[in-house]
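These are the residues of each chain, in order.
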Amino acid sequence: MKKLFVAVMAMCLLAACGGKTGTSETTEETTLSGLRKSDFVSEVDGKPTALYVLKNQKGAEACVTNWGGRLVSVMVPDKNGKLTDVVLGYDNIAQYVAYPDNNYGGLIGRYGNRIANGKFSLDGTEYQLPQNNNGHCLHGGPKGYHAVVWDAKQVDDQTLELTYLSKDGEAGFPGNLNVKVTYKLTDDNAVDIRYEATTDKATVVNLTNHSYFNLSGIPGSRIMDHQIMIDADTYVAVDSTLIPTGIEPVEGTPMDLRQLITVGDHIDDAFTQLTYGGGYDHNWVLNNGGDITKVAAKVVAPTSGIVMEVYTNEPGIQFYAGNSMSKDGDKGKLGIVYPHRGALCLETQHYPDSPNQPSFPSVVLKPGETYKSECIYKFSVQ
């Protein structure tokens with residue numbers, strides 16, 4: 001009886017993962033991006049993980065795993081109508097867990113970007129955070145929201161709701177923070193990410209998504225030929241450890257991205273800020289004034305014709321050009337090797353180190369308030 005029970009449970013697990021059973025062999029339907037749901041069925045820190053598939057009326061697809069709330073793949077059409085995966089990632093949960101700091105597609109919190117020396121003071125109390133990047137706290141520390149299991153609920157074919165309770169004292173942050181993130185694949189081929197959070201104690205919050213985008217349609221290519229625009233007259237200048245030193249104008253510098261420029265044109269210029277970042281890795285102060293109907297940033301891939309527009313109500317956007325991606329390459333989905341500068345990130349957020357910068361927009365969340373943020377990555381072709 002025990003053996004029969006185990007066999008039945010195994011067949012049920014396979015069926016739940018979208019597989020099919022037979023007398024001699026087992027086959028499993030894959031997603032449009034070639035992923036198998038069964039490769040994401042596991043248990044991490046005592047909680048179950050899975051892969052969730054979103055599809056819209058136009059046939060586009062987005063896949064998300066609740067480990068780290070990560071966007072695993074996004075399939076959208078290129079100029080010839082061929083569905084193309086535009087984000088980097090892994091095709092199984094084991095690799096994500098083994099290499100969490102690559103942050104592919106991850107939800108970032110409690111504070112995206114850097115907090116100087118891993119310290120900040122709030123209401124007269126100093127808080128010490130993990131120091132995981134040149135003595136600073138980066139992306140909430142090594143066990144940030146990108147490396148925990150979220151509770152998941154698929155609302156409908158196009159919508160996934162993720163929730164997580166970040167307990168008081170987790171990674172040194174004050175307050176029990178209840179977080180909800182909703183992924184929606186809209187019918188106009190946009191990935192709409194909405195964040196909400198409430199707390200029972202004053203805290204700091206700065207949530208974002210760390211997807212790595214390559215729109216070329218050429219597996220294993222670099223993004224040096226991608227064109228980028230960011231609607232910003234100023235940017236956050238940093239020191240050699242990427243901590244803010246002030247806000248500077250983009251005019252007359254390689255940081256002027258107000259018109260489409262090719263990423264590779266100036267990324268290695270002898271400009272101090274680019275030297276500090278190893279290329280573009282800075283926060284731009286957006287001109288949209290929090291108006292989510294206005295394009296904050298735009299990326300175009302000449303080879304595929306795919307266009308990505310970014311919309312947000314956040315005051316800033318971090319443009320990172322994959323400068324720290326391994327020069328030896330990292331093996332990702334379907335065995336594709338991701339090269340140095342093989343993708344770019346556009347992370348909508350408040351500015352780095354805001355808790356220690358009184359002149360920056362506040363990131364403080366108090367009891368009774370609701371944190372709300374939205375980021376839309378909209379795909380089209382030209």
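Residues numbered from 1 in each chain as written. Predicted model: local features only at pLDDT ≥ 70, side-chain atom pairs only at ≥ 80, totals over all residues. Heavy atoms only, no water.

Peer 1: Can you lay out unusual backbone geometry for me, pointing to particular residues and giving the numbers?
Peer 2: Between Gly109 and Arg110 the backbone carries a cis peptide bond, its omega angle lying at 5°. Of note, Arg110 is situated in the loop between strand E9 (106–108) and strand E10 (114–115). For His139, which is not glycine, the phi torsion reads 55° and is therefore positive. By the secondary structure assignment, His139 is in the loop between strand E13 (137–138) and strand E14 (151–156). If you check the backbone angles, Arg341 has positive phi at about 55° while not being a glycine. Topologically, Arg341 is positioned in the loop between strand E29 (337–338) and strand E30 (345–349). Under the relative-accessibility criterion, Arg341 is labelled buried at 4%. (Helix = DSSP H or I, 4+ residues; strand = E, 2+ residues; numbered from the N terminus. Buried < 20%, exposed > 50% of the residue type's maximum accessible area, 1.4 Å probe, protein only.)

Peer 1: Residues and numbers for the side chain of Asp91, please.
Peer 2: On the secondary structure map, Asp91 appears in the loop between strand E8 (83–85) and helix H2 (93–98). Buried charged residue Asp91 carries no salt bridge. Nearest counter-charge: Arg36, at 7.8 Å. Reaching out from Asp91, the side chain makes a polar contact with the side chain of Asn92 at a distance of 3.1 Å. Here the side chain of Asp91 touches Leu334 through a polar contact of 2.8 Å, landing on its backbone nitrogen. (Lys, Arg positive; Asp, Glu negative; His and termini not counted. Salt bridge = Lys/Arg side-chain N within 4 Å of Asp/Glu carboxyl O. Polar contact = N/O pair within 3.5 Å; in protein donor to acceptor, adjacent residues only side chain to side chain.)

Peer 1: Explain the sheet that holds E8 to me, and be specific about the residues and the numbers.
Peer 2: Spatial ordering of the open sheet is given by E5-E6-E7-E8, a layout of four strands whose pairing is antiparallel. Since the sheet does not close on itself, it has two edges, and those belong to strand E5 (51–55) and E8, each with one partner. Direction aside, neighbouring strands of the sheet carry axes that sit 20° apart on average. Examined bridge by bridge, strand E6 (residues 61–65) and strand E7 (residues 70–77) share five bridges and lie antiparallel to one another. Among the inter-strand pairings, Cys63 is bridged to a residue of E7, identified as Ser73. (Pairing = 2+ DSSP bridges. Axes fitted to C-alpha atoms, helices over the stretch in contact; angles between N-to-C directions.)

Peer 1: I'd like a rundown of the nonpolar core, residues and numbers included.
Peer 2: Generally speaking, soluble globular proteins have nonpolar side chains that are buried together. With 65 residues, the main nonpolar core has Tyr183, Ile230, Tyr280, Trp284, Phe319, Leu346 and Phe379 as its most contacted residues. Looking at which element gives the most residues to this core, the answer is strand E16 (residues 177–185), with five residues. If we skip the residues at most four places from it in the chain, Tyr280 touches Pro254, Met255, Leu257, Ile261, Val263, His266, Ile267, Leu274, Phe319, Tyr320, Ala321 and Asn323. Among the nonpolar cores identified, the runner-up in size contains 21 residues, and Cys63, Val72, Tyr90 and Met325 belong to it. (Core = buried A, V, L, I, M, F, W, Y, C linked by side-chain atoms within 4.5 Å. Contact = heavy atoms within 4.5 Å.)

Geometric descriptors of this kind do not, in isolation, establish any biological role.
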